[in-house]
There are 2 protein chains.
Amino acid sequence: MLNEPMPVGSYAVTFTSRLHEDHSGYAELAERMDALVAKQPGFLGVHSVRQGLVGITISYWKDEASIAAWRADAEHLLAQAQGRAQWYAGYTVIVSKVERSYTWP
Amino acid sequence: MLNEPMPVGSYAVTFTSRLHEDHSGYAELAERMDALVAKQPGFLGVHSVRQGLVGITISYWKDEASIAAWRADAEHLLAQAQGRAQWYAGYTVIVSKVERSYTWP
């Protein structure tokens, strides 16, 4: 997934987060969400990296409707609420539209 | 930097990379580039996370002209060439335009 350009006009949802020191249970839920998001209509791919408590996850989507559907997914809503209650110290979501992309080599 | 929204209409440059196992000297150059990029006109901020050999760096820019200037910066050009010759197994660059963003809490 890492070495792949994304289509012009597709959307990137960038989720940067900081976890609490104690975030037991988080990895299991994150894994479950990774599996769930991959089945969403309009999902194009994901890049995710975590360094200690700080993580960046970028998911790519065909259109805004796909993003809205994922955001409102029932199991995902529960996970979001649990994340805010238990694991996240803070996060930022940035939605952007792909203008161009290229890979090397 | 992590918990900050970005202005609508600004640009995100997402750089995902995979290093070779032997990447000695890379950290020093990356640090130098971090210091250099922060002085560029139009630079708004950066999020960067590395997990083993895989990294995501997202830099935010006021406009396309700022991105073009940074891409063509002489010292940065040298670093890019050195990266391809010595350190990177592969990378993807995705340029996108910010549509909206929000933070929690």
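Residues numbered from 1 in each chain as written. Chains lettered and ligands numbered in written order. Predicted model: local features only at pLDDT ≥ 70, side-chain atom pairs only at ≥ 80, totals over all residues. Heavy atoms only, no water.

Student: When you look at the relation of the copies chain A and chain B in this model, what are you seeing that I'm missing?
Tutor: Both copies of the chain are related through a single rotation about an axis accompanied by a shift along the same axis. Once chain A has been moved 0.0 Å along the axis and rotated by 180°, it coincides with chain B to within an RMSD of 0.0 Å. Between the two chains, the operation in question is that of a two-fold axis. By residue overlap, the copies meet face to face through one surface: 100% of the interface positions of chain A are interface positions in chain B. (Least-squares fit on C-alpha atoms with pLDDT ≥ 70 in both. Contact = heavy atoms within 4.5 Å.)

Student: What should I look at first to understand the interface of chain A and chain B in this one?
Tutor: Counting residues at the interface gives 41 residues for chain A and 41 residues for chain B. Our enumeration of links across chain A and chain B arrives at 2 salt bridges. A salt bridge links B:E64 to A:R100; the shortest N-O distance between them is 2.9 Å. Counting across the chain A and chain B interface gives 16 residue pairs in polar contact (both at pLDDT 80 or more). Going through the elements one at a time, β1 (11-19), β2 (43-51), β3 (54-61), α2 (64-71) and β4 (88-104) of chain A are the ones with two or more residues in the side of chain A that touches chain B. With 17 residues, β4(A) is the single largest residue contributor to the side of chain A that touches chain B. (Salt bridge = Lys/Arg side-chain N within 4 Å of Asp/Glu carboxyl O. Polar contact = N/O pair within 3.5 Å; in protein donor to acceptor, adjacent residues only side chain to side chain. Helix = DSSP H or I, 4+ residues; strand = E, 2+ residues; numbered from the N terminus.)

Student: Which parts of the structure should I look at to understand the pattern of salt bridges?
Tutor: Where charged atoms from two side chains of opposite charge approach closely, those side chains can pair. Residues and elements named next belong to chain B. In the structure shown here, the tally under the stated rule is 4 salt bridges over all chains. Of the charged contacts in the structure, one is a salt bridge between R32 and E75, with a shortest N-O distance of 2.6 Å. Of the two residues, R32 sits in helix α1 (residues 26-37) while E75 sits in helix α3 (residues 74-87), which places them 43 residues apart along the sequence. You can call R32 partly exposed: its relative accessible area is 36%. Overall, the relative accessible area of 31% leaves E75 in the partly exposed class. (Buried < 20%, exposed > 50% of the residue type's maximum accessible area, 1.4 Å probe, protein only.)

Student: Even after reading the chapter, I still don't get the packing of aromatic side chains, so can you show me in this structure?
Tutor: The description of an aromatic ring pair uses the distance of the two centres, along with the angle that the planes make with each other. With the rule as written, the count across this model stands at 14 aromatic pairs over all chains. With 5.4 Å between their ring centres and 25° between their planes, A:Y91 and B:W104 make a pair best called stacked. Of this pair, A:Y91 sits in strand β4 while B:W104 sits in strand β4 (residues 88-104), on two different chains. Since its relative accessible area comes to 8%, A:Y91 is described here as buried. For B:W104, a relative accessible area of 25% gives the class partly exposed. A ring pair is formed by B:F15 and B:Y91, whose centres lie 5.1 Å apart and whose planes are at 40°; its orientation type is tilted. Of the two residues, B:F15 sits in strand β1 (residues 11-19) while B:Y91 sits in strand β4, which places them 76 residues apart along the sequence. Through a chain of ring-to-ring contacts, three or more aromatic side chains come together here, namely A:F15, A:Y26, A:W87, A:Y88, A:Y91 and B:W104. (Phe/Tyr/Trp six-rings, centres within 6.5 Å; stacked < 30°, edge-to-face > 60°.)

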